[in-house]
Amino acid sequence: MAEQTPDFLAGYRNAKLVKTVLAEIHQTVTQPWTLMEICGGQTHAIMQYGLDQLLPPEIELVHGPGCPVCVTSLELIDQALMIAKQPDVIFTSFGDMLRVPGSKEDLFSIRAAGGQVRVVYSPMDAVKIAAENPDKQIVFFAIGFETTAPANAMAVIQAEKMGLDNFSILPANVLVPPAMHAILSSPNNRIQGFLAAGHVCAIMGYWEYPPIAEQYQTPMAVTGFEPLDLVEGILQTVKMLEEGRVAVENAYSRVVTYEGNKIAQAMLAKVFKPVDRNWRGIGTIPLSGYGLQEAYQQFDATQRFDTGSIQTEESKICIAGQVLQGIKKPSECPAFGTLCTPQTPLGAPMVSSEGACAAYYRYGRKKS
Amino acid sequence: MCLGIPGKIESVYEDHGTKMAKIDFGGVLREACIEVIPEAKPGDWTIVHAGFALNLLSEEEARETLDILEQMSELAELEDQEHSG
């Protein structure tokens, strides 16, 4: 339905404009720079449009941990599996999560064995299912970054308004700024500039980022998802690096403001509080996730269901952790494309539509 | 996951006191929650993620960015012509 896209949005896929910006990137670069795009959606767009192959060889794009499905800890997935198996539960989740391997099985296998696991497009749909099934317990797997957190918070608020006592969430939200700190303070860090994730910033703004940019002397550009947005974000970051300037610029001004969406931020503060969270393949990052505030504890699935003690077991071959931290590329994994494929994934980055391994597989970057 | 889809607001309504809208995504109408953009009205553009509007989309900002890049592109073409001429 391309003819229905208005010109002011279609312009962001205009090949002539993308080439103009790429030419300016080529003119600007004088030395090697390593940038990280945080968001897995951007990793896929970069691969899909082949932008990585059109950039000067000096610019290396490293793929960040911005794939919520990929970083959800094995403990949380095993907890989800345990809850989903219970007889009176309808377990609801975004579709990506169903094939992510837990220690022994995944949500798909639970569904195949007769468990009620349903894919929803929105957390609000899970609330609707709860209203329609008063004799069942409906649990929503509340994953996602700051982009998804307000929708998750809204589902809790809506369930409270409707007086539903059969709805709860498994809180699994993760936050970008603590992950930036973790990456930049790592002794292995190679990142010199960030493309900040546009839709996280649509909610949060980018007021949290200047102190991080300053502390680690790392410039950033808030970047959107269309090809023109991506090359603009890269150009702005490279210009700052070449000029020796550290700042946070906005290359996605049609959607993002410095303050962000204050109503959404207030909603998040009302429902959630920052808690320490374990990131799959990376480890625990302090205050990097959202747990429910005291006033909303009754909507916490971990309080409602006994998930017992969980013994987790990761694949021994998978290098997902190093891929998520930008230390290794997917094609450097011995299992890539052989033992590990989207049909038989060993790690979450091969499953998710945002995972770096799936992007490399799908767009044919078999060997870098 | 953090993908957002631009759509045009067709109509606004309430469901259990929550602000909702019917939104046109290139000819397909879907419902989304607009609780965090209460000022939204029919005709406005928004970015929707997981059935939830994240923010309003500024048509003016979108056009301004494109205009600057169009000018850059024309300038580059002129320079090319000068170099080859």
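Here goes a summary of the coordinates provided. On a predicted model such as this, the values are computed, not experimentally measured, just so you know. (Residues numbered from 1 in each chain as written. Chains lettered and ligands numbered in written order. Predicted model: local features only at pLDDT ≥ 70, side-chain atom pairs only at ≥ 80, totals over all residues. Heavy atoms only, no water.)

## Let's talk about the overall build of chain B
Stage number 1. A tally of helices and strands in chain B yields one helix and five strands.
Stage number 2. Starting at the N terminus and walking to the C terminus, you meet the elements of chain B as β-β-β-β-β-α.
Stage number 3. In terms of overall size, chain B is more extended than a compact globule, its C-alpha atoms giving a radius of gyration of 19 Å where 85 residues would be expected to give roughly 12 Å.
Stage number 4. A total of 85 residues make up chain B; the buried ones form 40% of that total. (Helix = DSSP H or I, 4+ residues; strand = E, 2+ residues; numbered from the N terminus. Rg over C-alpha atoms; globule rule 2.2 N^0.38 Å. Buried < 20%, exposed > 50% of the residue type's maximum accessible area, 1.4 Å probe, protein only.)

## Some points on the interface of chain B and chain A
Stage number 1. The partner chain A presents 49 residues to the 42 residues of chain B that form the contact.
Stage number 2. For the pairing of chain B and chain A, the buried interface totals around 3,900 Å² over both sides, and the portion due to carbon and sulfur atoms is 66%.
Stage number 3. Applying the counting criterion to the chain B and chain A interface returns one salt bridge.
Stage number 4. A salt bridge links Arg63 of chain B to Asp7 of chain A; its shortest N-O distance comes to 3.3 Å.
Stage number 5. The interface formed by chain B and chain A contains 15 residue pairs in polar contact (both at pLDDT 80 or more).
Stage number 6. Elements with a contribution of two residues or more to the side of chain B that touches chain A: strand S1 (5-15), strand S2 (18-25), strand S3 (28-33), strand S4 (45-49), strand S5 (52-57) and helix H1 (59-84) of chain B.
Stage number 7. A per-element tally of the side of chain B that touches chain A places H1 of chain B first, with 11 residues.
Stage number 8. Considering only residue class, the side of chain B that touches chain A consists of 21 nonpolar, 12 polar and nine charged. (Contact = heavy atoms within 4.5 Å. Buried area = accessible area lost by both parts, 1.4 Å probe. Salt bridge = Lys/Arg side-chain N within 4 Å of Asp/Glu carboxyl O. Polar contact = N/O pair within 3.5 Å; in protein donor to acceptor, adjacent residues only side chain to side chain. Nonpolar A, V, L, I, M, F, W, Y, C, P; charged D, E, K, R; others polar.)

## Topic: the environment of Pro68 of chain A
Residue and element names in this part refer to chain A.
Stage number 1. With respect to the element layout, Pro68 can be found in helix H5 (residues 68-71).
Stage number 2. Using a relative accessible area of 1% as the deciding quantity, one classes Pro68 as buried.
Stage number 3. Put simply, Pro68 and Thr148 are 80 residues apart on the chain and 9.8 Å apart in space, counted from C-alpha to C-alpha.

## Comments concerning the state of the cysteines
Stage number 1. In total, this model carries one disulfide over all chains according to the counting rule given.
Stage number 2. In this model Cys340 of chain A remains outside any disulfide bridge; the closest cysteine sulfur is found in Cys318 of chain A, 6.2 Å from its own. (Disulfide = S-S within 2.5 Å.)

## Section: the sheet that holds strand S3 (residues 89-93) of chain A
Residue and element names in this part refer to chain A.
Stage number 1. Strands sit in the order S4-S3-S5-S6 across an open sheet of four strands; the sheet is parallel. Each edge of the sheet is formed by a strand with only one pairing partner; in this case those strands are strand S4 (116-119) and strand S6 (167-171). Shown here is a sheet whose adjacent strand axes are inclined to one another by a mean of 25°, direction ignored.
Stage number 2. Bridge count between S3 and strand S5 (residues 137-142): four bridges; the pairing is parallel. Its bridge partner being in S5, Thr92 is matched across the sheet by Phe140.
Stage number 3. Along the sheet face, helix H6 (residues 74-84) touches S3, S4, S5 and S6 and points at about 145° away from the line of S3.
Stage number 4. Packing of helix H9 (residues 149-161) onto the sheet brings it into contact with S5 and S6, and relative to S6 it is tilted by some 155°. (Pairing = 2+ DSSP bridges. Axes fitted to C-alpha atoms, helices over the stretch in contact; angles between N-to-C directions.)

## Some words on the sheet that holds strand S7 (residues 193-197) of chain A
All names here are of chain A.
Stage number 1. Taken together, five strands build an open sheet; the order of strands is S2-S1-S7-S8-S9 and the sheet is parallel. The open sheet has two edge strands with one neighbour each: strand S2 (59-66) and strand S9 (248-250). Across the sheet, the axes of successive neighbouring strands diverge by a mean angle of 25°, strand direction being ignored.
Stage number 2. The sheet contact formed by strand S1 (residues 33-39) and S7 spans three bridges and is parallel. In the strand pairing of S7, Met36 is matched with Phe194.

## Things to note about the packing of helix H2 (residues 15-28) of chain A against helix H13 (residues 227-243) of chain A
Residue and element names in this part refer to chain A.
Stage number 1. As a packed pair, H2 and H13 sit with axes 9 Å apart at the nearest point and diverge in direction by 20°. Viewed along their axes, H2 and H13 adopt a mutual orientation that is roughly parallel. By crossing handedness, the relation of H2 to H13 is classed as left-handed. Here H2 contributes Leu17, Val18, Val21, Leu22, Glu24, Ile25 and Thr28 to the contact with H13, which in turn contributes Pro227, Leu228, Val231, Glu232, Ile234, Leu235, Val238, Lys239 and Glu242.
Stage number 2. Across the contact of H2 with H13, the residue classes tally to 11 nonpolar, one polar and four charged. (Parallel < 35°, antiparallel > 145°, perpendicular 65-115°, else oblique. Left-handed = near helix turned anticlockwise from the far one by under 90°.)

## Details of the nonpolar core
All names here are of chain A.
Stage number 1. By size, the foremost hydrophobic cluster in this structure holds 131 residues, and its most contacted members are Ile25, Phe141, Phe167 and Tyr209.
Stage number 2. With eight residues, the top contributor of residues to this core is H9.
Stage number 3. Not counting chain neighbours up to four residues away, the residues in contact with Phe141 comprise Thr72, Leu76, Ile77, Ala80, Phe91, Thr92, Ser93, Met97, Leu170 and Ala172.
Stage number 4. Membership of the second largest hydrophobic core comes to 12 residues, among which are Met47, Ile319, Ala335 and Met350. (Core = buried A, V, L, I, M, F, W, Y, C linked by side-chain atoms within 4.5 Å.)

## Overview of the side chain of Glu35 of chain B
Stage number 1. Along the chain, the position of Glu35 of chain B falls in the loop between S3 and S4.
Stage number 2. Here Glu35 of chain B occupies a buried position and makes no salt bridge, while the nearest side chain of opposite charge, Lys161 of chain A, is found at 4.8 Å.
Stage number 3. Within polar-contact distance, the side chain of Glu35 of chain B engages the backbone nitrogen of Lys19 of chain B at 2.8 Å.
Stage number 4. Residue contacts for Glu35 of chain B: discarding those within four places in its chain leaves Met154, Ile263 and Met267 of chain A together with Gly17, Thr18 and Lys19 of chain B. (Lys, Arg positive; Asp, Glu negative; His and termini not counted.)

## Brief notes about H2 of chain A
Residue and element names in this part refer to chain A.
Stage number 1. With 14 residues, H2 extends 20 Å between its outermost C-alpha atoms, agreeing within 8% with the 20 Å of an ideal straight helix rising 1.5 Å per residue.
Stage number 2. For H2, the full list of buried residues reads Leu17, Val18, Thr20, Val21, Leu22, Glu24, Ile25 and Thr28.
Stage number 3. One side-chain oxygen at the N-terminal end of H2 lies 2.8 Å from the backbone nitrogen of Lys16; it belongs to Asn14. (Expected span 1.5 Å × (residues − 1).)

## With respect to H9 of chain A
All names here are of chain A.
Stage number 1. Between the first and last C-alpha of H9 there are 18 Å, a value that for 13 residues agrees with the 18 Å anticipated at 1.5 Å per step.
Stage number 2. Taking burial as the measure, the 13 residues of H9 include 11 buried ones, the bulk of the element.
Stage number 3. Count one or two residues on from H9 and you reach Gly163, which has phi positive near 65°.

## Some details on the pattern of salt bridges
Stage number 1. Scanning the entire structure with this criterion turns up 13 salt bridges over all chains.
Stage number 2. Arg245 of chain A is paired through a salt bridge with Glu243 of chain A; the nearest N and O atoms lie 2.8 Å apart.

## As for the packing of aromatic side chains
Stage number 1. Using the criterion set out here, one finds nine aromatic pairs over all chains in the structure.
Stage number 2. Measuring from centroid to centroid gives 6.4 Å for Phe336 of chain A and Tyr361 of chain A, while their planes differ by 70°, and the two rings are edge-to-face. A residue pair is termed long-range when its members are at least 10 positions apart, and Phe336 of chain A in the loop between helix H16 (320-324) and helix H17 (356-362) and Tyr361 of chain A in helix H17 qualify at 25 residues.
Stage number 3. Directly above the aromatic system of Tyr121 of chain A lies the positively charged group of Arg30 of chain B, at a separation of 4.2 Å from the ring centroid. (Phe/Tyr/Trp six-rings, centres within 6.5 Å; stacked < 30°, edge-to-face > 60°. Lys NZ or Arg CZ within 6 Å of the ring centre and 35° of its normal.)

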